[in-house]
Amino acid sequence: MSDSADSEIRQKILNYTEKYRQKTGTQFSTVEGVKESVINGLVKNMAELGKPLCPCNFYPDKHEEIKHRRWLCPCDEMQMYKYCHCLLYVTSNNLPVTEHLPEAHEGRQMYGNNPDPAPDLGRALRGQSDAEIEAWHRGE
Ligand code: SF4
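Residues numbered from 1 in each chain as written. Predicted model: local features only at pLDDT ≥ 70, side-chain atom pairs only at ≥ 80, totals over all residues.

J.: Could you give an account of the overall build of the protein chain, with specific residues and numbers?
T.: In terms of helices and strands, the protein chain carries six helices and two strands. Walking the protein chain from its N terminus toward its C terminus, one meets helices and strands in the order α-β-α-α-α-β-α-α. The C-alpha radius of gyration computed for the protein chain amounts to 15 Å, which stays within 12% of the reference 14 Å derived for 140 residues, consistent with globular compactness. Principal-axis analysis of the C-alpha atoms places the extent of the protein chain at approximately 45 × 35 × 25 Å. Across the 140 residues that make up the protein chain, the buried fraction comes to 28%. Here the contacts in the protein chain between residues at least 6 apart in sequence split such that 45% fall between residues at least 24 apart. (Helix = DSSP H or I, 4+ residues; strand = E, 2+ residues; numbered from the N terminus. Rg over C-alpha atoms; globule rule 2.2 N^0.38 Å. Buried ≥ 20, exposed ≤ 12 C-beta atoms within 10 Å, placed from the backbone. Contact = placed C-beta atoms within 7 Å.)

So this is what it looks like as structure tokens:
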């Protein structure tokens, strides 16, 4: 990939993550290197796959994974619970929002209950069933 194509993708990712951050009332992590490494991972996946696949998971087959759309950033967990396990979108204490997660979710176990600073913003998939989410992914 040429430098100009890479910088075009990077700018696109920076623009949409900033817009999404504002839309959800979160902030970017200020822990050194966190934002950069997540953005770099999103840029890499966008360049390789044409989609912003979440860079913080292992996928046996990335091409197969993007068909399901659940881990395209912002992923289903972010859109349902405002939970970003990459720690890109966080609250002022640099922790992810966990308030909306089910009690048994690993995020609640790891971070406790971290309140949502802007509960009226974001969470386009809140309260949706699995079937409704699948339909949403198909653009229905
Ligand atoms: S966890 Fe979700 S919202 Fe956070 S960077 Fe990954 S895909 Fe994006």
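J.: Tell me about helix H6 (residues 130-137), residues and numbers included.
T.: Within H6, only zero of the eight residues are buried, leaving the element largely exposed. Just downstream of H6 lies Gly 139, where phi reads positive at about 80 degrees.

J.: Residues and numbers for the site of the ligand, please.
T.: Around the ligand there are 13 residues in total, and Cys 54, Cys 73, Cys 75, Cys 84 and Cys 86 lie nearest to it. Split by residue class, the shell around the ligand holds 12 nonpolar, one polar and no charged. (Near = placed C-beta within 6 Å. Nonpolar A, V, L, I, M, F, W, Y, C, P; charged D, E, K, R; others polar.)

J.: Got a sec to walk through helix H1 (residues 3-24)? Specific residues and values, please.
T.: Helix length check: H1, at 22 residues, gives a terminal C-alpha distance of 31 Å against a target of 32 Å (1.5 Å per residue), a fit within 8%. Taken as a whole, H1 has its buried residues at Ile 13, Thr 17 and Thr 24. In a view along the axis of H1, the buried residues occupy a sector of 35 degrees, so they form one face of it. Counted as exposed and oriented over 90 degrees from the buried face of H1: Ser 4, Ser 7, Gln 11, Asn 15, Glu 18 and Lys 19. Contacts from the buried residues of H1 go to helix H2 (34-49) and strand S2 (89-90). (Expected span 1.5 Å × (residues − 1). Arc of directions from axis to C-beta.)

J.: So, the nonpolar core: which residues are in play, and what are the values?
T.: Most often, soluble globular proteins have nonpolar side chains that are buried together. Counting 20 residues, the largest nonpolar core has Leu 42, Cys 54, Tyr 83 and Cys 84 as the members making the most contacts within it. The element contributing the most residues to this core is H2, with four residues. Setting aside chain neighbours within four positions, we find Tyr 83 in contact with Glu 77, Met 78, Pro 96, Val 97, Thr 98, Leu 101 and Gly 107. (Core = buried A, V, L, I, M, F, W, Y, C linked by C-beta atoms within 7 Å.)

J.: Would you mind going over the environment of Thr 17 in detail, with residue names and values included?
T.: Within the secondary structure, Thr 17 is located in helix H1. Taking the C-alpha atoms as reference points, Thr 17 and Tyr 89, separated by 72 residues in sequence, lie 8.8 Å from one another. Sequence-distant contacts of Thr 17, defined by excluding residues within four places in its chain, comprise Ile 39 and Leu 88.

J.: Give me the environment of Gln 128: which residues, what numbers.
T.: Relative to the helices and strands, Gln 128 is located in the loop between helix H5 (106-111) and H6. Here Gln 128 falls in the partly exposed class, since 16 other C-beta atoms lie within 10 Å of it.

J.: Any details on the packing of H1 against H2? Residues and values, ideally.
T.: Helix packing for two helices is described by the angle between their axes and how far apart those axes are. At their nearest, the axes of H1 and H2 sit 9 Å apart, and the two run at 125 degrees to each other. Here H1 lies oblique to H2, going by the angle between them. Here the hand of the crossing between H1 and H2 comes out right-handed. Together, Asp 6, Ile 9, Arg 10, Ile 13, Leu 14 and Thr 17 of H1 and Ile 39, Leu 42, Val 43, Met 46 and Ala 47 of H2 make up the contact between the two elements. (Axes fitted to C-alpha atoms, helices over the stretch in contact; angles between N-to-C directions. Parallel < 35°, antiparallel > 145°, perpendicular 65-115°, else oblique. Left-handed = near helix turned anticlockwise from the far one by under 90°.)

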